[in-house]
Structure formats: C-alpha cells, structure tokens
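So you can see what is in the structure, the chains are spelled out below.
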Amino acid sequence: MTDDAAGERLRRWRLVLGGDTADGTGHALSGQDAAIDDALTALYGKDDTPTTGRERAGGLGASAPSVARWLGDIRTYFPTSVVQVMQRDAIDRLGLGTLLLEPEMLEAVEADVHLVGTLLSLTKAMPETTRETARQVVRKVVEDLERRLATRTRATLTGALDRSARVRRPRHHDIDWNRTVAANLRHYLPEHGTVVPERLVGHGRASRSVKKEVVLCVDQSGSMASSVVYASVFGAVLASMRAVATRLVVFDTEVVDLTERLDDPVDVLFATRLGGGTDINRALAYCQSRVTRPADTVVVLISDLYEGGIRDEMLKRVAAIKASGAQFVSLLALSDEGAPAYDREHAAALAALGAPAFACTPDLFPEVMAAAIEKRPLPTPDAGAAGPDSPR
C-alpha cells in the first residue's frame, strides 16, 4: 500500500472513530476534515464536556444560534440524504425538537417527511409566530411529494378503473385486444392463422360518474407520523380524480372525518393530532357507517394494529366489511422507513380473515390500490406480509 493510500485510510478511520484516545490512528485532522469532525462530534460525541484540541465532545449547546450554525455546517459538508438522517438523530439525541418552535430554526433545517411528522407533534406547543413558518415548511414537503407521486397514481388508478368497468359488447375503440385474444385462444384456426373472437372483452368508456369509493382510515398515533403525511397526500390525489369518491378519516381514541379538507393536504395535516391512544374498532365502525356501495368500495386501514379498543369487535368489524362485498386493505405503515413495529397477534388474526396486513411504500401504494379496485390479489411485498409466521 502506498503512503498516500495508507494516509487516506487513516484519515477515514479517524473521522469514523472520533479521535478518542482508544481510536489508535494517531492521525491529526485539519482544514475541512476538522470542521466535519466538529459537526459529527457535536451530535455523536460521547459526552457534553468540552475538551481541548480535536478530541470528541458532544453537544450543540442550548442556544438556537449554535444549532442553526451546526445545521448550516452539515448541509455544507454532507449530501441531503445524510443531512436528513443527522437531523433526525439530533431530534432524538439532543432535543432539537423543542428548538424547532423558533422560526429561524425552521428556516435552517432540511425539510423532509420525518421533519413534518415532528412539526405536527409540536403543533400544540407552537407559538403563533412559528406556525406560519411551519406551514411553509410542511407545504414545501407536501408539494414535493405530490409532484413525485401524483402522476403515476392517477395513471395507474385510471387504468384500473377502466378495466374494472369492462363491458360485454364493447365498441371497436373500447376493445381490450390482449384480453380478447387470451379469452378466445381455444378458437384458433391454424389453417387461417387467426383467432375467431367469439367473445369480445372491452373497457367501459370514461365516465364522469363515480365508479369507486375509497375510504382511508388512518391511525394518527405518534408512531404513524410518516404514514399520516403520505396518506394525506394520496388522499388529496385520489380526491382530485372525478371517478373516485374519497373519504379520509383519522383516529386515535376519537374519530375525525377530514374529507372536506382534502383539497389541501396541508390543512389535513394541521388538523391531525399525533399521539394519544388507539381505538381501531371505533374508527372502523364510523367508516363502515359511511359505506353506501359496498361492491364498489375499498376500505384502507393504515395502522400498526396496536388496538386500545375491543379486539374481538374490531375483527368482527373487518369480517363484516369484507362480507358486505367491500374490499379491505390493511397497511401496517405507508412510508419508506423499512419494517415497522406492529401487533403481530392482530396481524395474524387479520390474515386469517383473508386480509393480510403488510407495510407499503409510497411507490407501491398505487399498485395496491389498483389491485383492490380490480378485486385481484394485492401485490404484497415478500418480506412485508404479516402473518403468524412472519419473521419481522
């Protein structure tokens, strides 16, 4: 190994290990490396005791200016994805959440879904001077999500709605040729090299009437913050589709219908109340009472299934919704945070009812909804299905 390569290796190990006496590198940092080390030390240092030189000592101090400077430093030295992780760690390790009540702090942070969840949990304590800044931060994240998710969601669900409205005698322009050929393969005439289409399969013509009803029933307990954000965005996207009647219901131990706010997902988010208990049975009872066309309805429960209400009644409610002809989808989370914590016993009980519960990423959600609309098997991720033998 050359001297340059060896030096680079020591430099990297020094940044990782933090310069404590036990790190064994003996490598000194200078310039930008020293500044990066300071930023890491402030967050991941082992204690809050200031030390001399470049030895690692944790803490950002209690003042907003020092935290604002630190936020600016990490945005200078690290990519956005890393900055967002460090901000989340700062909220957990250093109490950064309380400082987010100050407008200048909100202007310094890198906005993402996790930050929105933190802000929503602080809304009760948020002074009026901060609230408008917080709304601007939340709106920026929501608009970014809408740009990323809306087009694909509308395209996927429009196709599913058209396919779910097939007619037996389609007009020429409405014929689904792939399905028509597949349905008539037994009528293939080898001598003519063609298929005789005795039965035509087609799509119904686009209609302005409501074809499907979707009920999003969202757990707003503290652990579901990211799911609440994504559900609000998807709810607004679905509500913008003429052929889908969308209802958004959030719950803890109380049930709140936010359907009238769906034209602005930011209003939806600020109307939620993250934290508190959970009464899934009560929420499902409300949703069930609002279903008027069961055969054309999809009920989506988004919850980690930690039920504080009556468990047996909750399961009976799910069974009744399915028996009515409605499609029932149970999502343990709607986020990109990986495997969530959830109540395994309740998940297994839902699976036994034919409603497997699984975690769903925002990118997968349109496909899940399309499958539910068409009444075909849901595209559950291999590692996400939650049943009695689930490894998660």
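Reading guide: rules and limits
- Residues numbered from 1 in each chain as written.
- Predicted model: local features only at pLDDT ≥ 70, side-chain atom pairs only at ≥ 80, totals over all residues.
- Heavy atoms only, no water.
- Helix = DSSP H or I, 4+ residues; strand = E, 2+ residues; numbered from the N terminus.
- Buried < 20%, exposed > 50% of the residue type's maximum accessible area, 1.4 Å probe, protein only.
- Contact = heavy atoms within 4.5 Å.
- Areas by Shrake-Rupley, 256 points an atom, 1.4 Å probe, with all protein chains shown as cover.
- Patch = residues over 30% accessible without salt bridge, like charges linked within 9 Å, V, L, I, M, F, W, Y side chains within 5 Å.
- Salt bridge = Lys/Arg side-chain N within 4 Å of Asp/Glu carboxyl O.
- Phe/Tyr/Trp six-rings, centres within 6.5 Å; stacked < 30°, edge-to-face > 60°.
- Lys NZ or Arg CZ within 6 Å of the ring centre and 35° of its normal.
- Pairing = 2+ DSSP bridges.
- Core = buried A, V, L, I, M, F, W, Y, C linked by side-chain atoms within 4.5 Å.
- Right-handed = clockwise from strand over helix to strand, strands pointing away.

In the annotation of an unreviewed UniProt entry, the protein is listed under the name VWA domain-containing protein and assigned to Streptomyces cellulosae.

Participant: I tried to follow the overall build of the protein on my own but got confused; where do I start?
Facilitator: Summing up its helical and strand segments, the protein has 15 helices and nine strands in all. The buried share among the 392 residues of the protein stands at 48%. Long-range contacts, defined as pairs at least 24 residues apart, comprise 71% of the intrachain contacts of the protein with a sequence gap of at least 6. Summing over all exposed atoms, the protein offers an accessible surface of approximately 19,200 Å²; the carbon and sulfur share of this is 50%.

Participant: Looking at this structure, I do not really get unusual backbone geometry. What am I missing?
Facilitator: Backbone geometry follows two general trends: most residues other than glycine have a negative phi, and most peptide bonds adopt the trans configuration. Its identity is not glycine, yet Leu305 carries a phi of approximately 70 degrees, on the positive side. When you line up the elements, Leu305 lands in the loop between strand E6 (297-302) and helix H13 (311-323). Positioned with a positive phi, Lys375 is a non-glycine residue whose angle comes to about 60 degrees.

Participant: Honestly, a nonpolar patch on the surface in this entry has me stumped. Any pointers?
Facilitator: A cluster of nonpolar side chains, Trp13, Val16 and Leu17, forms an exposed patch at the surface whose accessible area comes to about 300 Å². Here Trp13 is to be found in helix H1 (residues 3-17).

Participant: Which parts of the structure should I look at to understand the packing of aromatic side chains?
Facilitator: Two descriptors summarise a pair of aromatic rings, namely the distance from one centre to the other and the angle between the planes of the rings. Going through the model one piece at a time under the given rule, you end up with one aromatic pair. Ring centres of Phe234 and Phe365 lie 4.5 Å apart, and the angle between their planes is 45 degrees; on these two criteria the pair is classed as tilted. Of this pair, Phe234 sits in helix H10 (residues 225-239) while Phe365 sits in helix H15 (residues 365-374); the two residues are 131 residues apart in sequence, bridging distant segments of the chain. No difference in accessibility class separates Phe234 from Phe365, as the two residues are buried. Over the ring of Phe270 we find Arg135, and its NZ or CZ is 5.1 Å from the ring centre.

Participant: Help me understand the pairing of E6, please; the structure alone is not making it clear to me.
Facilitator: Both faces of the sheet carry side chains from a regular strand, because those side chains alternate between them. Of all six residues making up E6, six are buried, and the element is well covered by its neighbours. Where burial is concerned, the two faces of E6 agree: the one with Thr297, Val299 and Leu301 and the one with Val298, Val300 and Ile302 are both buried. Sheet analysis places strand E3 (residues 212-219) next to E6, joined by six bridges and oriented parallel. Opposite Leu216, over in E6, you have Val300 as the bridge partner. Relative to strand E7 (residues 327-334), E6 runs parallel, the two sharing five bridges.

Participant: Where do I start with the nonpolar core in this structure?
Facilitator: In globular proteins that are soluble, nonpolar side chains generally tend to be buried together. Counting 81 residues, the largest nonpolar core has Trp70 and Leu119 as the members making the most contacts within it. Sorting elements by how many residues they give to this core places helix H8 (residues 128-164) first, with ten residues. The residues touching Leu119, leaving out its near neighbours within four places in the chain, are Leu100, Leu106, Met126, Ala134, Val137 and Val138. Core analysis: the second largest hydrophobic core is formed by 25 residues, Val249, Val299, Ala349 and Ala357 among them.

Participant: Explanation requested: the pairing of E3 in the structure shown.
Facilitator: A large share of E3 lies buried, amounting to eight of its eight residues. Because side chains alternate across E3, one face comprises the buried residues Lys212, Val214, Leu216 and Val218, and the other comprises Glu213, Val215, Cys217 and Asp219, equally buried. Pairing geometry for E3 and strand E4 (residues 244-251), over eight bridges, is parallel. The residue bridging Glu213 from the neighbouring strand is Ala245, located in E4. What joins E3 to E4 is H10, and the crossover it makes is right-handed.

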